[in-house]
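# Structural characterization, general
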Amino acid sequence: IKKQRVSSDRFHIGTERLVLKDHIMSNYRRMNEWENDQELLFYNDCQDPDGDKITLSESREYVRSLIKGTSKSARHYAIFKKEDESFLGFGTIAFIDTYNKSCKLSIVIGEKSEWGKGFAKEALKAILHFCFETLKVNRIGAEIYCFNKRSIRLFKGLGFKKEGLIREAVKKNSKFVDEIVFGLLKSEWYENGL
């Protein structure tokens, strides 16, 4: 991890190829495209694919709310490529529980032309380091749809262990499918030398 600057109002982590930082207003157009992309929705969201499209105005307001960042239990960040500052995706550190020392992660590489290049793994390694070292959590969780093989490989490759199953948790293509619960403990992260 090259650098980490985090305060109550600024978030900035640099990796070899990426910059993870707070959202900026201009992100709303790409966010709108990704929020309406059927393939991304299938793998990353539980909303009805036949529902109404998200409007540009709604996306603008959503990004504005992320920039305000009023919640202490969640940290939203945008993922940019260092070389050209292009907006690749976004993630959330959610359900931050300072007493029980835990949180949950989600990540989306929205730019599908950049899939398979290791950007999600690079971003998550930095976020895991931030969660364990800065937020001082003991456990990080993730919930992944059972058919999302790419995300399952990603999280397993980072040392996450399957902890359970939420049966028929979400409706996809008119069928109810399971969601897998994964977890990573601080001790496991350091044992793996990641």
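What counts, and at which threshold
Residue numbers restart at each chain and count upward from 1, following the sequence in its written direction. Two thresholds apply to this predicted model, a pLDDT of at least 70 for residue-level local features and 80 or more for giving and counting side-chain atom pairs, whereas whole-chain, interface and lining totals are computed over all residues. Excluded from the side-chain calculations are hydrogens and water; all other atoms, namely the structure's heavy atoms, are used. For every element, the axis is a line fit to its C-alpha atoms; helices are fit only across the contacting stretch, and the angle between N-to-C directions ranges from 0 to 180 degrees. Every helix listed is a DSSP run of H or I at least four residues long, and every strand listed is a run of E at least two residues long, numbered separately from the N terminus. Crossing chirality is assigned from the near helix's rotation relative to the far helix, an anticlockwise turn below a right angle marking it left-handed and a clockwise turn marking it right-handed. Working rule for contacts: check all heavy atoms of both residues, and any pair within 4.5 Å makes them a contact. Residue classes follow a fixed rule: Ala, Val, Leu, Ile, Met, Phe, Trp, Tyr, Cys and Pro count as nonpolar, while Asp, Glu, Lys and Arg count as charged, and any other residue, Gly among them, counts as polar. Counted as salt bridges are all cases of a side-chain nitrogen of Lys or Arg within 4 Å of a carboxyl oxygen of Asp or Glu. Burial classes follow relative accessibility: with a 1.4 Å probe on protein chains only, a residue under 20% of its type's maximum area counts as buried, one over 50% as exposed, and anything between as partly exposed. Think of pLDDT as the predictor's per-residue confidence, scored from 0 to 100. Side-chain atoms within 4.5 Å link the members of a nonpolar core, which is a set of buried Ala, Val, Leu, Ile, Met, Phe, Trp, Tyr and Cys residues. The directions from the helix axis to the C-beta atoms form the arc being described.

## As for the packing of helix H1 (residues 28–35) against helix H3 (residues 56–68)
- Packing of H1 against H3 brings their axes to within 9 Å, and their N-to-C directions diverge by 115°. Along this stretch, H1 crosses H3, giving a crossing that reads as right-handed. From H1, Tyr28, Arg29, Met31, Asn32 and Glu35 reach across to H3, where they touch Leu56, Ser59, Arg60, Tyr62, Val63 and Leu66.
- Of the residues assigned to the contact of H1 with H3, the class counts are six nonpolar, two polar and three charged.

## Examining the pattern of salt bridges
- Following the criterion strictly, the structure yields 12 salt bridges and no others.
- Residue Glu114 pairs with Lys81 through a salt bridge whose shortest N-O separation is 3.1 Å. Of this pair, Glu114 sits in the loop between strand E6 (102–109) and helix H4 (119–133) while Lys81 sits in strand E4 (residues 75–81), and the two are 33 residues apart along the sequence. The same class applies to Glu114 as to Lys81, namely buried.
- Residues Glu114 and Lys117 are paired through a salt bridge, measuring 2.9 Å at the closest nitrogen-oxygen approach.
- Because the salt bridges share partners, they merge into one network encompassing Lys81, Glu83, Glu114 and Lys117.

## Notes on the confidence of the model for the protein chain
- For the protein chain, the average pLDDT comes to 91, and 94% of its residues sit at 70 or higher.
- A low-confidence stretch, residues 1–8 stays under pLDDT 50, and its non-local contacts, those more than four residues away or across chains, total 25 contacts.

## Topic: the nonpolar core
- Judged by nonpolar contacts, the single largest core of 36 residues is most densely connected at Leu20, Ile79, Ile93, Ile127, Cys131, Ile140 and Phe160.
- In terms of residue count, H4 provides more of this core than any other element does, 10 residues in total.
- In contact with Phe160, not counting residues within four places along its chain, are Leu128, Ile140, Gly141, Ala142, Phe155, Phe182, Gly183 and Leu184.

## Some details on unusual backbone geometry
- For Lys101, which is not glycine, the phi torsion reads 55° and is therefore positive.
- Look at Asn173: it is not a glycine, yet its phi comes out positive at around 50°.

## Quick notes on H1
- Burial in H1 covers these residues: Tyr28, Met31, Asn32, Trp34 and Glu35. For H1, the angular spread of buried residues about the axis comes to 165°, placing them on one side.
- As for H1, its buried residues are in contact with helix H2 (38–44), H3 and strand E5 (87–97).

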